[in-house]
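# Structural overview
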Amino acid sequence: MTRSLLRYPSARASIVILAVVATLAAFGPWLAPHDPLAQDSSALLQGPSATYWLGTDALGRDVFSRLLAGSTVSVLASLLSVSIGLLLGVVPGLLSVFLGKRFAWFGLRLIDALMMLPFLVFAIAMTAMLGNGLTQAMFAVGILITPAFFRVARAAALSVANAEYIEAARLMGASTASIIRRHVVAKVLPAVAVAAASMTGACLSIVASLTFLGIGVVPPDPTWGGLLATDLSTLYDRPFGPIAPALLIVATVWALNALADAMRDAGTGRQEQRA
């Protein structure tokens with residue numbers, strides 16, 4: 001899969017971008033040249049300079065340092081919501097194929113109900129009910145992306161549920177858990193990986209939207225969406241301000257979607273070669 005994936009130029013470009021973003025997420029707070037929370041009243045709304053590479057905001061804080069420090073929160077928040085969606089969606093999706101029609105009917109009806117919920121409204125309601133915290137907001141987002149993982153896992157499991165080796169394992173007395181672990185997970189994993197890459201990009205956009213509205217992270221903690229909101233509020237004084245956080249968000253989301261497309265194409269190419 002890795003060799004097939006690297007044949008695509010978009011995959012190579014996306015891997016480079018994601019490597020840079022991962023570095024910023026891991027070491028951003030330490031790479032920041034200034035304290036992202038420090039205010040300097042003598043340097044308000046300054047333009048780019050040797051001291052402040054991206055200028056300063058209305059409180060005199062270094063925008064570049066805040067952008068680096070906000071990378072950790074933005075990336076980890078999207079990964080947290082995807083992890084919740086994976087856990088709540090993939091396992092029930094697999095079990096709905098192997099635990100009978102009643103479990104499948106109940107799971108499908110629950111997933112249909114979740115798909116009817118509007119993203120932002122549900123996230124706002126959850127944070128209002130549980131408190132304005134990042135964990136609460138990402139838990140709400142994780143619940144809302146659960147249907148995507150459920151349907152992907154169920155569709156992939158249905159394609160192998162009636163295979164001859166599955167029937168042979170049943171006849172030999174293998175348990176459902178053993179069949180899923182030994183024979184199904186490997187077949188489902190590529191489709192789930194494609195969905196995870198795509199949904200991570202979607203979750204990053206949702207995280208930016210929520211933090212743009214001030215939901216999930218309480219100021220002055222920096223996030224990409226929060227920086228975008230701050231720069232838009234001072235657009236007249238710093239017209240170039242929103243460019244950096246917007247480009248970072250767009251580049252990361254594009255890289256994740258391009259990687260998902262390349263993974264899907266690589267998987268399709270391998271199946272055609274085997275056929």
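Residues numbered from 1 in each chain as written. Predicted model: local features only at pLDDT ≥ 70, side-chain atom pairs only at ≥ 80, totals over all residues. Heavy atoms only, no water.

## With respect to the overall build of the protein chain
Scanning the protein chain for helices and strands turns up 11 helices and 0 strands. The order of α-helices and β-strands along the protein chain, N terminus first, is α-α-α-α-α-α-α-α-α-α-α. The buried share among the 275 residues of the protein chain stands at 45%. Here the contacts in the protein chain between residues at least 6 apart in sequence split such that 73% fall between residues at least 24 apart. Working note: accessible area of the protein chain is about 14,200 Å², and carbon and sulfur atoms make up 68% of it. Once the 18 positive and 13 negative side-chain charges of the protein chain are each reduced to a mean point, those two points are 18 Å apart. (Helix = DSSP H or I, 4+ residues; strand = E, 2+ residues; numbered from the N terminus. Buried < 20%, exposed > 50% of the residue type's maximum accessible area, 1.4 Å probe, protein only. Contact = heavy atoms within 4.5 Å. Areas by Shrake-Rupley, 256 points an atom, 1.4 Å probe, with all protein chains shown as cover. Lys, Arg positive; Asp, Glu negative; His and termini not counted. Charge placed at Lys NZ, Arg CZ, Asp CG, Glu CD.)

## A few points about the packing of aromatic side chains
Overall, the coordinates contain 1 aromatic pair when judged by the stated rule. Arranged with centres 5.0 Å apart and planes meeting at 40 degrees, the rings of W53 and F64 form a pair that is tilted. With W53 in the loop between α2 (9-31) and α3 (63-98) and F64 in helix α3, this residue pair connects regions lying 11 residues apart in the sequence. For W53, a relative accessible area of 53% gives the class exposed. (Phe/Tyr/Trp six-rings, centres within 6.5 Å; stacked < 30°, edge-to-face > 60°.)

## A look at the nonpolar core
Residues L94, F98, F149, V184, V188 and L210 are the most contacted members of the largest nonpolar core, which totals 42 residues. Broken down by secondary-structure element, the contributors of at least two residues to this core are α3, α4 (101-115), α5 (119-130), α6 (134-144), α7 (146-161), α8 (164-171) and α9 (176-212). When residues in this core are grouped by element, the largest group, 12 residues, is from α9. Dropping the residues within four chain positions of it, V188 is found in contact with L94, A153, A156 and A157. (Core = buried A, V, L, I, M, F, W, Y, C linked by side-chain atoms within 4.5 Å.)

## Some remarks on the environment of A43
Locating A43 in the fold gives a position in the loop between α2 and α3. Judged by its relative accessible area of 3%, A43 falls in the buried class. Linking A43 and G214, residues 171 residues apart in sequence, is a C-alpha distance of 25 Å. Every residue in contact with A43, bar those within four places of it in the chain, is listed here: Y52, T56 and G60.

## Some thoughts on helix α10 (residues 224-233)
All buried positions along α10 are accounted for by W224, G225, L227, L228 and D231. Here the buried residues of α10 occupy an arc of 160 degrees about the axis, which is enough to place them on one side. (Arc of directions from axis to C-beta.)

## Quick word on a nonpolar patch on the surface
Where nonpolar side chains cluster on the molecular surface, the patch consists of I124, F212, L213, L232 and L235 and spans about 420 Å² of accessible area. Position of L235 relative to the elements: it lies in the loop between α10 and α11 (243-274). Exposure remark for L235: the relative accessible area of 39% places this residue in the partly exposed category. (Patch = residues over 30% accessible without salt bridge, like charges linked within 9 Å, V, L, I, M, F, W, Y side chains within 5 Å. Salt bridge = Lys/Arg side-chain N within 4 Å of Asp/Glu carboxyl O.)

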